[in-house]
Amino acid sequence: MKRIFYLLIIILLPSMLYAQGTKDKVIGIDYRNPRNYEIAGITVSGVQYLQNSDIIIMLSGLSIGQKIKIPGDAISGAIEKIFKQGMFEEVEISVTAVQGDFVYLDIFLQERPLLSKFSFTGVNRNEADNLKEKLGLVRGDVVSTNTILNSKRIIRSHFVNKGFWNTKVEVVQRVDSTQGNQVILDFQIDKGK
């Protein structure tokens, strides 16, 4: 929760956006003094492969007509809800415009890559088949740091159980040029003696 709060501060403070009032008077959001606003519009940006931005807005828990406090729990809660989906590396919610008591928000997302395919080097075909079964990776899975670390742990544990105590596993991740937003993982295994 602290990470999300600090992320929110980092995102919102430097980018205090101003909107022109009716008398060309600059109206700003003072992030030191929370104020209630009604959401007048929500956009989603940064996504390249997700087709329907309405799903992201729904997942955030924010909706047009909703009254929220800025800064407040509604925005940090929305960031947390989207992060929990595990599909995005970065989630930012910023104010794009203010008109009186109405606020316009933008949800910026950076998508995590998906698994195109994976392979093993340094092991024979039977061991590779056993590892595929143990890893349970499937084409289209979201590839995160956690996915890679967990896979390395499973592979190392597999060989430690067989008596190879000095097993080393490196993962080479490369972009699949034939597919958008997909990566190929190559698990390079050195079982040791």
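Residue positions are given per chain, counted from 1 along the sequence in the order it is written. pLDDT decides what is reported in this predicted model: residues at 70 or higher carry local features, side-chain atom pairs at 80 or more are listed and counted, and totals for whole chains, interfaces and linings draw on all residues regardless. Side-chain numbers here rest on the full set of heavy atoms in the structure, without hydrogens or water.

(A) A look at the pairing of strand S9 (residues 182-190). Burial classes follow relative accessibility: with a 1.4 Å probe on protein chains only, a residue under 20% of its type's maximum area counts as buried, one over 50% as exposed, and anything between as partly exposed. What counts as a helix is a DSSP run of H or I of at least four residues, what counts as a strand is a run of E of at least two, and both are numbered from the N terminus. Of all nine residues in S9, seven are buried, a share of seventy percent or more. Two strands pair under a simple rule: DSSP has to find at least two bridges between them. Taken together, the seven bridges between strand S7 (residues 114-121) and S9 define a ladder with parallel strand orientation. Note on S9: the bridge partner recorded for Thr121 is Gln188. As defined by bridge partners, strand S8 (residues 168-175) adjoins S9 across eight bridges and the pair is classed as antiparallel. Within the sheet, the bridge partner assigned to Val169 lies in S9 and is Ile189. Between S8 and the antiparallel strand that follows it, S9, lie six residues; Asn181 among them carries a positive phi value of about 55 degrees.

(B) Region of interest: the sheet that holds S8. Taken together, the three strands give an open sheet; going across it, the order is S7-S9-S8, and neighbouring strands pair in mixed fashion. This sheet does not close on itself; its edge strands, each paired only once, are S7 and S8. The average undirected angle you get between the axes of adjacent strands in this sheet is 20 degrees. Should any heavy atoms of two residues lie within 4.5 Å, those residues are considered in contact. An axis is simply a line fitted to the C-alpha atoms; with a helix, the fit covers only the stretch in contact. Between two such axes, the angle follows the N-to-C directions and lies from 0 to 180 degrees. Relative to the sheet, helix H4 (residues 125-135) contacts S7 and S9, its axis offset from that of S7 by approximately 145 degrees. With respect to the sheet, helix H5 (residues 145-161) is in contact with S7, S8 and S9, its orientation differing from that of S8 by roughly 145 degrees.

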